[in-house]
Amino acid sequence: MRFQSPSGEQLYLPDAEELIRPERNTLTVNFTNIEHFNQQLATTIQEEYYRVYPFLCRAVRHFARDHGNIPPSKEFYVAFSDFPTRQKIRECSTARIGSLLRISGQVVRTHPVHPELVSATFRCLDCQSVIKDVQQQFKYTQPSICKNPVCSNRQRFMLDANKSRFVDFQKVRIQETQAELPRGSIPRSVEVILRAEAVEMAQAGDRCDFTGTLIVVPDVAALAVAGTRSETSSRVTGREGFQADGIQGLKALGVRDLSYRLAYLACHVSSTNPRFGGTELRQEDQTAESVKSQMTVEEWEKVFEMSQDKNLYHSLCSSLFPTIHGNDEIKRGILLMLFGGVAKTTMEGTSLRGDINVCIVGDPSTSKSQFLKHVEDFAPRAIYTSGKASSAAGLTAAVVRDEESHEFVIEAGALMLADNGVCCIDEFDKMDLTDQVAIHEAMEQQTISITKAGVKATLNARTSILAAANPIDGRYNRSKSLKQNVNMSAPIMSRFDLFFILIDECNEVTDYAIARRIVDLHTRNMEAVERVYSTDEVQRYILFARQFQPKIMPEAKEFVVDQYKKLRQRDSQGSTKSAWRITVRQLESMLRLAEAMARLYCSDEVHPKHVKEAFRLLNKSVISVDSPDINFDQDDHHDNQHISDQDMLGVDVRRTEGTNGHTEKVLDSEQQPIGAEELPVPAKPALKMTFANYRRICNLLVLHMQKMEDYEESSLRKSELVNWYLKEMETEIETEEELIAKKSLIEKVLHRLIHCDHIIIELTKTGLKKVGQMGEDPVVEDDPFLVVNPNYVLED
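A. Examining the overall build of the chain more closely. Check the secondary structure of the chain and you find 28 helices and 30 strands. A burial count over the chain gives 45% of its 796 residues as buried. Of the contacts formed within the chain by residues at least 6 apart in sequence, a portion of 72% connects residues at least 24 apart. Of the roughly 42,400 Å² that the chain leaves accessible, carbon and sulfur atoms contribute 52%.

B. Molecular detail of the nonpolar core. Leu316 and Leu466 are the most contacted members of the largest nonpolar core, which has 61 residues in total. When sequence neighbours within four positions are dropped, the list of residues in contact with Leu316 reads Met306, Leu335, Phe339, Tyr533, Val538, Tyr541 and Leu600. In terms of nonpolar packing, the next biggest core, distinct from the first, is built from 37 residues, Cys359, Ile425, Ala467 and Met488 among them.

C. Summary view of unusual backbone geometry. Phi angles above zero are rare outside glycine, and Gln128 is one such case at about 65 degrees. By the secondary structure assignment, Gln128 is in the loop between β4 (114-124) and β5 (130-135). Positive phi, close to 50 degrees, is recorded for Asp133, a residue that is not glycine. If you trace the backbone, Asp133 turns up in strand β5.

D. Fine view of the sheet that holds strand β17 (residues 422-426). If you trace the five strands from one edge of the open sheet to the other, you get β14-β17-β20-β13-β21, paired in parallel fashion. Two strands bound the open sheet, and with one partner strand each, they are β14 (382-386) and β21 (498-502). Ignoring which end each strand starts from, the neighbouring axes of this sheet average 15 degrees apart. Sheet topology note: the strand β13 (residues 358-362)/strand β20 (residues 464-469) ladder contains four bridges and is parallel. Among the inter-strand pairings, Val358 is bridged to a residue of β20, identified as Leu466. Against the sheet, helix α11 (residues 328-339) touches β13, β17, β20 and β21, its axis set at about 155 degrees to β21. Against the sheet, helix α12 (residues 368-378) contacts β13, β14, β17, β20 and β21, and its axis sits at roughly 155 degrees relative to β17.

E. Structural context of the pairing of strand β2 (residues 77-81). When you tally the buried positions in β2, you get five out of five residues, the bulk of the element. Neither face of β2 is exposed, since Tyr77, Ala79 and Ser81 on one face and Val78 and Phe80 on the opposite face are all buried. Direction of pairing for strand β1 (residues 26-30) relative to β2: parallel, over a ladder of five bridges. The residue of β2 that forms the bridge with Val29 is Phe80.

F. Region of the structure containing the pattern of salt bridges. In total, this model carries 31 salt bridges according to the counting rule given. Overlapping salt bridges bring together Glu18, Arg21, Glu23, Arg24 and Glu197 as one network.

G. Here's a closer look at the packing of α11 against helix α22 (residues 584-600). At a closest axis distance of 9 Å, the pairing of α11 and α22 adopts a crossing angle of 80 degrees. In terms of axis orientation, α11 runs roughly perpendicular to α22. When α11 is examined against α22, the residues Leu335, Leu336 and Phe339 are found in contact with a partner set consisting of Leu593, Ala596, Met597, Arg599 and Leu600. Residue composition of the contact of α11 with α22, by class: seven nonpolar, no polar and one charged.

Scoring rules and cut-offs
Residues numbered from 1 in each chain as written. Predicted model: local features only at pLDDT ≥ 70, side-chain atom pairs only at ≥ 80, totals over all residues. Heavy atoms only, no water. Helix = DSSP H or I, 4+ residues; strand = E, 2+ residues; numbered from the N terminus. Buried < 20%, exposed > 50% of the residue type's maximum accessible area, 1.4 Å probe, protein only. Contact = heavy atoms within 4.5 Å. Areas by Shrake-Rupley, 256 points an atom, 1.4 Å probe, with all protein chains shown as cover. Core = buried A, V, L, I, M, F, W, Y, C linked by side-chain atoms within 4.5 Å. Pairing = 2+ DSSP bridges. Axes fitted to C-alpha atoms, helices over the stretch in contact; angles between N-to-C directions. Salt bridge = Lys/Arg side-chain N within 4 Å of Asp/Glu carboxyl O. Parallel < 35°, antiparallel > 145°, perpendicular 65-115°, else oblique. Nonpolar A, V, L, I, M, F, W, Y, C, P; charged D, E, K, R; others polar.

This is how it looks when you write it as structure tokens:
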């Protein structure tokens, strides 16, 4: 079997010669080759694998000895790859015990590697004779009787560790993947035992195939339950307690001997899909050439054709999210997140992350969760979790006690399972603040540090985070900044590279297009989906493009610095409300996005055009949604009417978005002027002001009034405040018309501050003390006093 192949060449001879090296001890054989060589042998191995396995290992040892000088004590093992059928964990039953099968699942917990006793050598304590090669079967097994015919010792033996044989041994727990899960079931898990070269092949979070067999092992956890001690304590107490031998195997436990459980003994581990994710993607030494060698000629031609596509950026976006209408900026941001920037390590050893974090904030029913679900289905290593249902330990890592050894082991959380992938967190704003703090380190340093229960470890969490959040009041308030709209701390917000804001606006054209798309999906389903490239083609292209490590060109460096300076200056001037402070993290975000753009086009260099697109995306997300303009003419409709209580509620309540994006005043039915539709009003120029200018004038007036109240201890009259403002603005006023316009504007601003925003209080009646003491009428002031509302806090 091991000498021939279908083409007649000696297929396994080079592999056998490798076994001479001291660190190698396993020969991997392709199962399809065995079927070609001898079908009966293949059937025997498949059905009686556990029984014939020791003889197969012995055959490997003889074969290796024929081709090299090998120490006689060295053990050899055989592993089978490419087994044809794959079973689900749920299908593992007692009928399959001992037969060869392949199961797949996701690794959720790994134990440290221990030496396991395989073949023991004992020394009899009575006659000192040596008993060799006592096979151990998943529990410590002593000889039943001394082989010396004169000595009848059955209990007193000592293990000779120097002459016994040990093998590397590791336990791994795997769990069903979500795709295999039946409806209404919780995922099942099984323990996998790895030996020899198979250890350390699977890491937490990997989706792997394991080839091996089901075995039955004693359930040691059941032995540790209450009541066990009382059964065994009589053996070690009493006068001869110091001579007692302790527990021998499981004999003392009576019916507990029936407590067995299924485990899985694996001889070979491979990633589920080596081309798209799993262990292959994690290897740092993977290159573009090695990825190319894994593709067929047709696949490689398709990748090359995609790289030459002039409209690649748009085509990839539409292929990734074919069922979502519009939201092109978000599609571009998520696409660049999948390509990722280049991770770097400085000379001091500090690592700079290359993964891009994206947050989507938006009103209900704006397809936020759809984006997350699409990415989870598409990305090779993606974990989907919900913020409210996740704890800090569940997101990072938990330290749990092992049932058998009672050691503390680390169980991977969502961020560890998504290492080198994407972690999608829905309802991010609903997370408790204590749990949000847990992912600070993972988002920037890309590690998780644990110091619990004597376990000190720093674990990798090199993952991109795609989060979705709702605004605080359910709907985004355009008059407030992003920070006031979202329930997130400032450190978390600064760690996101891109923030996208989705607002559910009433727009006839958009609403019609979205409705058409949704109805099409419901009626024609797959026919309505238009893709330029298939999912497999996009996955293959992203995997190939991620192997590029683009370097930033000198002209691109200058461009990045200039754009960053512009962002900082605009932030410091305060002319537009930024979503958050522009920090160095936003500069790094721009570099990462530019590198991702270069990777998208399979370029080794970052050019200014890549930086330009990165800056545009960052600019879209950094600047908050503009607050609507203030329209003072709307207030004139109410000058001759009594202002209702609802009008007094403030700026935000009385402003709604019009169909064309302009601001409109909401008129209640009883406030609607009679015959307004019949009588056309002559058009006049609208008196408008941007929200930023309105806020600036408000702050200027409030500061002056507070200064007068604090230092002069006197209140200003309305006319005095207007005259002070005009005097401050005299450099900007040249003609009499401008003076009248400025005066009219400041009066309207004051009117709005008093009657709508309640920032300034108007004192129209004075002499109230005299009213109480002498019964006089209060004096109604024509020029009222103005004071600042004591509850008003000045904004930055």
